[in-house]
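Structural overview
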Amino acid sequence: MISSIAELIADRIGTMPAGERRAAQTLIASYPMIGLKTVAEFSTAAGVSSPTILRFVARLGFQNYPEFQSSLQDELAAQLQSPAIRTLNPPSPGGGTASPMLEATLDNMRETFRHLSDKQLADIAARLAERRGKTFLVGGRFTDPLARYMAAHLAVIQPDVFHLAGQESMWRDRLIDMGKRDVLVIFDIRRYQDSLVRFAEKAHQRGVQIVLFTDQWLSPISRFARHVIAGRTAVPSAWDSSAALFVVAETLIGAVTRQLEADGARRIREMEGLR
């Protein structure tokens with residue numbers, strides 16, 4: 001399974017020199033468009049030299065800059081695919097005894113966790129377990145059930161957890177309650193939802209820390225996010241699969257529960273006593 005450039009960056013950013021790391025961060029912040037500009041434009045945006053950009057591209061495994069841009073163009077084309085297009089051009093199913101859908105889903109899970117570091121998961125879990133602020137969760141048309149599921153679990157083990165349901169106008173009203181101590185968890189996969197992007201930008205402007213669950217092509221919300229989880233979603237179907245993101249969400253729920261073991265157990269006992 002071919003890794004996206006965002007996944008390659010996640011795998012290798014820890015070994016990059018400072019200049020290449022700035023190039024990587026600049027690309028992620030404007031993914032993938034800044035990488036489709038000239039080397040000179042990319043280097044200016046990143047505040048590094050043109051040779052640094054070329055070394056960064058080589059570190060990702062590309063022979064030259066045009067090959068790097070060609071890969072980004074392929075990703076952009078995949079990012080913009082609608083369900084109708086995927087119906088007309090279905091992916092070729094692999095072999096094996098299991099169904100192609102099952103195989104693809106299991107591959108998505110393996111690849112998602114292969115590109116997720118233990119440190120990244122630990123950092124996100126630690127932030128979600130902090131008691132100094134509120135936690136808000138929201139998703140798009142097809143991903144909001146994941147936000148609701150995660151919020152329902154987190155709300156059992158800690159206070160001040162809120163699922164933002166309903167229309168965009170209702171989310172905006174909650175911005176008044178958000179500030180620098182708070183966390184906003186957003187689920188957004190292709191084709192990315194403009195209302196979520198606008199909401200994320202407003203929350204970012206208020207200093208809210210954003211945790212983004214997205215796909216390998218990266219929602220535009222990534223430029224506002226403190227943490228980005230890029231899961232694999234493509235399957236042999238007209239529809240993308242959120243199964244890998246669901247498993248990551250459950251992994252984080254488990255990690256937060258362990259960190260809040262004493263307080264969480266106390267809350268659960270009190271809840272049971274109120275029933």
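As the structure is a computational prediction, the values presented were derived from the model and not from experiment.

1. Regarding the UniProt feature "domain: HTH rpiR-type" (unreviewed entry) in the protein
What UniProt calls "domain: HTH rpiR-type" (unreviewed entry) maps, in this numbering, to residues 3-79. Annotation note: span residues 3-79, helix share 69%, strand share 0%, distance between end C-alpha atoms 14 Å.

2. A word on the sheet that holds strand 3 (residues 183-187)
Taken together, the five strands give an open sheet; going across it, the order is 2-1-3-4-5, and neighbouring strands pair in parallel fashion. Bordering the open sheet on either side are strand 2 (161-163) and strand 5 (227-231), each of which pairs with just one other strand. Taken over all neighbouring pairs, the strand axes of this sheet differ in orientation by 15 degrees on average, direction set aside.

3. Re the domain arrangement of the protein
Taken domain by domain, the protein comprises domain 1 (5-80) and domain 2 (111-273). Just the C-alpha atoms count here: the centres of domain 1 and domain 2 sit 27 Å apart. Tallying the contact residues gives 11 residues for domain 1 and 11 residues for domain 2. Both faces combined, the contact of domain 1 with domain 2 buries some 1100 Å², and carbon together with sulfur accounts for 51% of it. Summed over the three residues of domain 1 that lose the most area to domain 2, namely E7, D11 and Q79, the buried surface amounts to 48% of that side. At the boundary of domain 1 with domain 2, the tally comes to one salt bridge. The tally of links between domain 1 and domain 2 comes to four residue pairs in polar contact (both at pLDDT 80 or more). Those elements giving two or more residues to the side of domain 1 that touches domain 2 turn out to be helix 1 (5-12), helix 2 (18-29) and helix 5 (65-79). Looking at the side of domain 1 that touches domain 2 element by element, the count peaks at four residues for helix 1. Of the residues belonging to the side of domain 1 that touches domain 2, the class tally is seven nonpolar, one polar and three charged.

4. A word on the side chain of S195
Looking at where S195 falls in the secondary structure, it is placed in helix 11 (residues 194-205). With relative accessibility at 11%, the residue S195 sits in the buried group. Within the structure, the side chain of S195 is placed 3.0 Å from the side chain of Q193, a separation counted as a polar contact. Residues within four places of S195 in sequence aside, it is in contact with E168 and W171.

5. Section: the pattern of salt bridges
Tallied over the entire structure, the rule returns 16 salt bridges. One salt bridge in this structure joins D107 and R110, with 2.7 Å as the shortest N-O distance. Of this pair, D107 and R110 are both found in helix 7 (residues 100-114), three residues apart, which corresponds to roughly one turn of the helix. Given a relative accessible area of 29%, D107 falls into the partly exposed group. Judged by relative accessible area, which is 52%, R110 ranks as exposed. Connected through shared salt-bridge partners, E7, E111, R114 and R232 make up one network.

6. Section: the packing of aromatic side chains
According to the stated counting rule, one finds nine aromatic pairs in the structure shown. Both rings, one in F62 and one in F68, keep their centres 5.7 Å apart while their planes meet at 75 degrees; by these two values the pair is edge-to-face. Each member of the pair, F62 together with F68, is buried. Ring centres 4.8 Å apart and planes at 45 degrees place the aromatic pair Y149 and F246 in the tilted group.

7. A word on the packing of helix 8 (residues 118-129) against helix 12 (residues 243-259)
Where helix 8 contacts helix 12, the two axes come as close as 9 Å, and the packing angle between them is 60 degrees. Here helix 8 lies oblique to helix 12, going by the angle between them. Helix-helix and strand crossings are classified by hand; for helix 8 and helix 12 the assignment is right-handed. Along the contact surface, helix 8 presents L121, A122, I124, A125, A126, L128 and A129, while helix 12 presents V248, L252, A255, V256 and Q259. When its residues are assigned to classes, the contact of helix 8 with helix 12 shows 11 nonpolar, one polar and no charged.

Parameters at a glance
- One numbering rule holds for all chains: residues counted from 1, following each sequence as written.
- With pLDDT at 70 or above as the cut-off, local features in this predicted model cover only qualifying residues; side-chain atom pairs require 80 or more to be listed or tallied, and sums for whole chains, interfaces and linings still use all residues.
- In computing side-chain properties, one takes all heavy atoms of the structure into account and sets aside hydrogens as well as water.
- UniProt positions are given in the numbering used here, feature names are shortened, and annotations may be inferred rather than shown by experiment.
- Each helix corresponds to a stretch of at least 4 residues labelled H or I by DSSP, and each strand to a stretch of at least 2 residues labelled E; elements are numbered beginning at the N terminus.
- A pair of strands counts as paired when DSSP detects no fewer than two bridges linking them.
- Lines fitted to C-alpha atoms define the axes, with helix axes restricted to the stretch in contact, and inter-axis angles between N-to-C directions lie between 0 and 180 degrees.
- A domain assignment, automatic or from a database, supplies the domain bounds used here.
- Here, two residues are considered to be in contact whenever any of their heavy atoms come within 4.5 Å of each other.
- Summed over both partners, the accessible area (1.4 Å probe) lost when two parts come together is defined as the buried area.
- Think of a salt bridge as a Lys or Arg side-chain nitrogen and an Asp or Glu carboxyl oxygen that are within 4 Å of each other.
- Polar contacts here mean pairs of N or O atoms no more than 3.5 Å apart (in protein, one a potential hydrogen donor and the other a potential acceptor; neighbouring residues in sequence count only if both atoms are side-chain atoms).
- Note on residue classes: Ala, Val, Leu, Ile, Met, Phe, Trp, Tyr, Cys and Pro are nonpolar, Asp, Glu, Lys and Arg are charged, and everything else, Gly too, is polar.
- Accessibility here uses a 1.4 Å probe with only protein chains present; expressed as a share of the type maximum, an area under 20% marks a residue as buried, one over 50% as exposed, and anything in between as partly exposed.
- Aromatic contacts are taken between Phe, Tyr and Trp rings whose centres are within 6.5 Å, Trp giving its six-membered ring; a plane angle under 30 degrees counts as stacked, one over 60 as edge-to-face, and the others as tilted.
- Here the angle decides the label: under 35 degrees means roughly parallel, over 145 means roughly antiparallel, 65 to 115 means roughly perpendicular, and every other value means oblique.
- The hand of a helix crossing depends on one turn: near helix anticlockwise from the far one by less than a right angle means left-handed, and clockwise means right-handed.

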